[in-house]
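Geometric and topological summary
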Amino acid sequence: VPDNPGIPVKVIVADHHVHAPISSNALNADGSLYVPLDPHAVSWSSQDVAPGTSRGTIILVGHINYGGAAGAFSDLADYRGGPIITLVLGDGRQMDYAVAAPPIEVNKNQLGPRREELFDQTHSYSAAGRPPSGRLLLLSCGGTFDNRTGHYEDNIFVFALPA
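Okay, so let's go over this structure.

1. Regarding the overall build of the chain
The number of helices and strands found in the chain is 1 helix and 11 strands. Here the chain has a C-alpha radius of gyration of 15 Å; the compact-globule value for 163 residues is 15 Å, and the two agree. Buried positions account for 44% of the 163 residues belonging to the chain. A fraction of 58% describes how many contacts in the chain between residues 6 or more apart in sequence connect residues 24 or more apart. Positive and negative side-chain charges of the chain, numbering 10 and 16 respectively, have mean locations separated by a distance of 3 Å.

Rendered as structure tokens:
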């Protein structure tokens, strides 16, 4: 199957009442992922692979909460049992992904050694009997909130494969 990438404009996770707009954003100047200010919006890391490619990791970043409001990924740590994540692309296509494993929680101070594995942009992934594809990553903060820094101590990673 040839690559047919598209730009994601909305993410839907019906089981978790998510219908969030997606904005395309480059990495921040320091190389970190852009996180939208709006807790109800999600950011796609446009410097990484796009949905519809046969390799790599499509990275979507959103809040669990922000400014007292529940975020688009407010219950990301509860994505278990293969809920379907639908990406709506700018050209009207819809791509469905099924959560492939329980969420992974990693302390932000320990991300360094795992960065290449978690944000992989080179390997192909696929569910049994499916052609090679990119995988989808939903990413947010989690763990304990540090009032001193104003940030959560961990990141939550949810990986999904084409359904």
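Having put the structure on the table, let's press on.
2. Concerning the packing of aromatic side chains
Within a pair of aromatic rings, the relevant descriptors are the distance that separates the centres and the angle that separates the planes. Counted under the stated rule, the structure contains 3 aromatic pairs. With a centroid separation of 6.5 Å and 15 degrees between ring planes, the pair formed by Phe157 and Phe159 is classed as stacked. Connected via pairs of aromatic rings, a cluster forms that spans Phe119, Phe157 and Phe159.

3. Quick word on the pattern of salt bridges
Under the defined criterion, the tally for this structure stands at 3 salt bridges. Between Asp146 and Arg148 there is a salt bridge, with its nearest N and O atoms 3.1 Å apart. For Arg148, a relative accessible area of 72% puts it in the exposed group.

4. Some details on the environment of Gly92
Tracing the sequence through the fold places Gly92 in the loop between β7 (84-89) and β8 (94-99). By relative accessible area, which is 52% here, Gly92 ends up exposed. In this structure the C-alpha to C-alpha distance between Gly92 and Ile7, which are 85 residues apart in sequence, comes to 9.8 Å.

5. A look at the pairing of strand β11 (residues 151-162)
Of all 12 residues in β11, 10 are buried; the element is thus mostly enclosed. As judged from the 3 bridges shared by β8 and β11, these two strands associate in the antiparallel manner. Counterpart to Tyr97 in the pairing with β11 is Pro162. Note: strand β10 (residues 135-146) against β11, 9 bridges, orientation antiparallel. Residue pairing in the sheet places Leu137 in a bridge with Phe159 of β11. Taken together, β10 and the strand that follows it, β11, pair antiparallel across an intervening segment of 4 residues, in which Gly150 is found at a positive phi of about 75 degrees.

6. Describing the pairing of β7
With respect to burial, β7 is a largely interior element, 5 of its 6 residues being buried. When β7 meets β8, the two strands line up antiparallel, connected through 5 bridges. For Ile84, the partnering residue across the bridge sits in β8 and is Ala98. Linking β7 to β8, which pair antiparallel, is a turn of 4 residues; within it Gly92 sits at a positive phi near 95 degrees.

7. Thoughts on unusual backbone geometry
One non-glycine residue, His17, adopts positive backbone phi at about 55 degrees. Residue position: His17 is located in the loop between β1 (8-13) and β2 (18-25).

8. Structural notes on the nonpolar core
Counting residues in each nonpolar core, the largest one holds 25 residues, and the members touching the most others are Val11, Leu60, Tyr79, Ile85, Leu136 and Leu138. Elements with a minimum of two residues in this core: β1, β2, β3 (42-45), β4 (57-62), β7, β8, β10 and β11. When neighbours within four sequence positions are excluded, Tyr79 is seen to be in contact with Val13, His16, Val18, Phe73, Val99, Ala101, Pro103, Leu138 and Val158. In this structure, Ile59, Val61, Leu139 and Phe159 belong to the second largest nonpolar core, which totals 11 residues.

Scoring rules and cut-offs
All residue numbers refer to position in the chain's written sequence, counted from 1. In keeping with the model being predicted, local features are shown solely for residues with a pLDDT of at least 70 and side-chain atom pairs are shown and tallied solely at 80 or more, while totals for entire chains, interfaces and linings include all residues. The side-chain figures draw on all heavy atoms in the structure; neither hydrogens nor water molecules are used. Here a helix means four or more residues in a row that DSSP labels H or I, a strand means two or more in a row labelled E, and each is numbered from the N terminus. Within these notes, the globule rule equals 2.2 Å times the number of residues to the 0.38 power, and the radius of gyration is based on C-alpha atoms. Exposed residues in this analysis have more than 50% of their type's maximum accessible area, buried residues have under 20%, and partly exposed residues fall in between, with area computed by a 1.4 Å probe over protein chains only. Any pair of residues with heavy atoms lying within 4.5 Å of one another is described as a contacting pair. Counting rule for charge: Lys and Arg are taken as positive, Asp and Glu as negative, and neither His nor the chain ends is counted. The location of each charge is read from NZ of Lys, CZ of Arg, CG of Asp or CD of Glu. Between 30 and 60 degrees the pair is tilted, below 30 it is stacked and above 60 it is edge-to-face, where a pair is any two Phe, Tyr or Trp rings, Trp via its six-membered ring, whose centres lie within 6.5 Å. Any carboxyl oxygen of Asp or Glu within 4 Å of a side-chain nitrogen of Lys or Arg constitutes a salt bridge here. When DSSP finds at least two bridges between two strands, those strands are taken to pair. Only buried residues count toward a nonpolar core, which is a set of Ala, Val, Leu, Ile, Met, Phe, Trp, Tyr and Cys residues joined through side-chain atoms within 4.5 Å.

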